[in-house]
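Chain and residue survey
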Amino acid sequence: MTVKLFRNAAIHTPVDRGRPAAGSAQGEIAVFAKGTLLTEGGRIVAVGAEESVTARLNRRPDMEIDCGGACLIPGFVDPHTHICFAERREREFELRRAGTPYLEILRQGGGILSSVRAVRAASEEELFETTAENVLSALSLGTTTMEIKSGYGLDTESELKMLRVIDRIRRETPLDVTATFMGAHAVPEEFRGNADGFVDLIVDEMIPAVVGQAIADSCDIFCEEGIFSVAQSRRLLEAARKAGLKLRAHVDEVHDTGGAALAGELAVLSAEHLLAANDEGLKAMAAAGVIADLLPATAYSLRKPYARARRMIELGLPVACATDCNPGSCFCESMPFIFGLAVMNMDMTPEEALTATTLNSAYSAGLAGRVGSLDEGKSADFLLLDAETPAGIAYHAGVSPVLAVYKRGEHVA
Ligand SMILES: N=CN[C@@H](CCC(=O)O)C(=O)O
Ligand SMILES: [Zn+2]
């Protein structure tokens, strides 16, 4: 197995203590000013000061790489995307910019429903090509692991088509990918006015089909006024759990419907958005160990107040950050941009933002056993940055800070 020694790097990484980092631990980062990373067969063998790492060598490395003093951090883990879509919705952006509310566009048959029409009409190959293009753009910006949701099919066949495309992204790109089934993303035209009937279809037909093909790890739902109620969300998530899927839920994105409290009650793996979540709901989530997946580029794009990250950290919630990349509410595949928004607009420290975009997001993706930090035994996924410290990602705005992307020890972008 190939042994590689990466020396002369300013290494910054969260340390995995076997659970998502919450409270003050969210800001605890290991720093090795003149650090060295030793990998073998794409896995991390040792990280730290040069002498301590080279002491672990039992033979000459096959490759020695001088990182030139660059800042080295774990590869970004993006734990929330809708990046599998067929067409952009740039015209809607103009409508929203001019004042039409996001949910109003959906109510009029656009929004998510326009993406559903495009995905149903696209061939599997076309959908793969569009998705791969955006995923590879994310990779070049430092995302080495990604969660991808279905949810623009909304019938059994089209949802399975999306999940097959996501599976192909996992097999044919360098990224680690986890798939989430989101048949409950919106109520499709053919069920307009009958959300309960659509939930029946998901429970009775879609979930068994998805689980039967072992093609998704989690199940998600859009719990929101006019989409799926708390009661419908509870019913669907309980059925998904029974079928063996991990649970996620989009809650309190636009309105406070009590979604955060439901996330706590069901102890889901992660609750998404939380822009309008109330304190009681957040406390229920903290008590149940739910990860708060914050999506600041969506607040930016919808021009809403940002999620209350400081309050969440204070309440002991592990905070992760994601792009939410989708063609509607937030067309952004850039984790450096997310990092910048977390620091500048959610008042997180650069150390907290680093944990949120690597370790905690790996827990949210369900993949912390192998990615998310530079701990021994994990995949050698890391970035070299044009910065002295991770703070430089927020400092140098509007450009990519990523000089090089390594996945499993290989230079991939
Ligand atoms: N809010 C629900 N789903 C996505 C948006 C999807 C879309 O508009 O296409 C989100 O998380 O923001
Ligand atoms: Zn989303």
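The preceding data block contains the structure.
Right, let's walk through the structure included here. (Residues numbered from 1 in each chain as written. Chains lettered and ligands numbered in written order. Predicted model: local features only at pLDDT ≥ 70, side-chain atom pairs only at ≥ 80, totals over all residues. Heavy atoms only, no water.)

1. Some remarks on the coordination of the zinc ion (ligand 2)
- Distances from the zinc ion (ligand 2) to its protein donors, His-80 (NE2), His-82 (NE2), His-250 (NE2) and Asp-324 (OD), fall within 2.0 to 2.5 Å.
- Here the donor residues for the zinc ion (ligand 2) map to a single chain with the spacing H-x1-H-x167-H-x73-D. Remark: His-250 occurs in strand S10 (residues 246–251) and His-80 occurs in the loop between strand S6 (76–78) and helix H2 (90–97); sequence separation between them is 170 residues. Side by side, His-80 and His-250 carry an identical accessibility label, which is buried. (Donors = N, O, S within 2.8 Å, 3.2 Å for Na, K, Ca; no water. Helix = DSSP H or I, 4+ residues; strand = E, 2+ residues; numbered from the N terminus. Buried < 20%, exposed > 50% of the residue type's maximum accessible area, 1.4 Å probe, protein only.)

2. As for the site of ligand 1
- Taken together, 15 residues surround ligand 1, and among them Tyr-102, Tyr-152, Glu-253, Asp-324 and Ser-329 come closest.
- Residue His-273 places a side-chain N or O atom 2.7 Å away from an oxygen atom belonging to ligand 1.
- A distance of 2.7 Å is found between an oxygen atom of ligand 1 and a side-chain nitrogen or oxygen belonging to Ser-329.
- Here ligand 1 has 330 Å² of accessible area as a free molecule, and 100% of this is covered by the chains. (Near = heavy atom within 4 Å. Polar contact = N/O pair within 3.5 Å; in protein donor to acceptor, adjacent residues only side chain to side chain. Areas by Shrake-Rupley, 256 points an atom, 1.4 Å probe, with all protein chains shown as cover.)

3. Quick notes on helix H5 (residues 124–140)
- Compared with an ideal rise of 1.5 Å per residue, which puts 17 residues at 24 Å, H5 spans 24 Å between its outermost C-alpha atoms and is within 8% of the ideal.
- Along H5, the residues that are buried comprise Leu-127, Phe-128, Thr-131, Ala-132, Asn-134, Val-135, Ala-138 and Leu-139.
- At its buried positions, H5 is contacted by helix H4 (112–121), strand S7 (143–149), helix H6 (156–172) and strand S15 (402–407).
- At the C-terminal side of H5, Gly-142 shows a positive phi close to 105°. (Expected span 1.5 Å × (residues − 1). Contact = heavy atoms within 4.5 Å.)

4. Topic: the nonpolar core
- Core analysis: the largest hydrophobic core is formed by 110 residues, its most contacted members being Leu-274, Met-285 and Leu-294.
- Among the elements that line this core, the one with the most residues is helix H7 (residues 195–212), at eight residues.
- Among all residues touching Leu-294, those that are not within four sequence positions of it are His-273, Leu-274, Ala-307, Ala-309, Met-312, Val-319, Ala-320, Cys-321, Ala-322 and Met-346.
- By size, the runner-up hydrophobic cluster in this structure holds 15 residues, among which are Phe-6, Ile-11, Ile-44 and Ala-404. (Core = buried A, V, L, I, M, F, W, Y, C linked by side-chain atoms within 4.5 Å.)

5. Considerations on H7
- Its 18 residues place the ends of H7 24 Å apart at the C-alpha level, agreeing with the 26 Å of an ideal helix rising 1.5 Å per residue.
- The largest bend in H7 amounts to roughly 40° and is located at Ile-202.
- Looking at H7, one finds that the buried residues are Ala-195, Gly-197, Phe-198, Val-199, Ile-202, Met-206, Ile-207, Ala-209 and Val-210.
- For H7, the secondary structure elements touched by its buried residues are H6, strand S8 (176–184) and helix H8 (230–242).
- Two residues or fewer after H7 comes Ala-214, characterised by a positive phi angle close to 45°. (Bend = angle between axes of the 7 residues up to and from the residue.)

6. Considering the packing of aromatic side chains
- Taken as a whole, this structure holds seven aromatic pairs when the rule is applied.
- Taking 5.3 Å as the distance between ring centres and 50° as the angle between the ring planes, the aromatic pair formed by Phe-191 and Phe-198 counts as tilted.
- On the basis of relative accessible area, Phe-191 is assigned to the partly exposed category, the value being 21%.
- Since its relative accessible area comes to 0%, Phe-198 is described here as buried.
- With a centroid separation of 4.7 Å and an interplanar angle of 10°, the aromatic rings of Phe-382 and Tyr-406 are classed as stacked. Within this pair, whereas Phe-382 is found in strand S14 (residues 382–385), its partner Tyr-406 is found in strand S15, the two being separated by 24 residues in sequence.
- Judged by its relative accessible area of 9%, Tyr-406 falls in the buried class.
- A cation over a ring is seen here: Arg-168 above Phe-128, with NZ or CZ 3.7 Å from the ring centre. (Phe/Tyr/Trp six-rings, centres within 6.5 Å; stacked < 30°, edge-to-face > 60°. Lys NZ or Arg CZ within 6 Å of the ring centre and 35° of its normal.)

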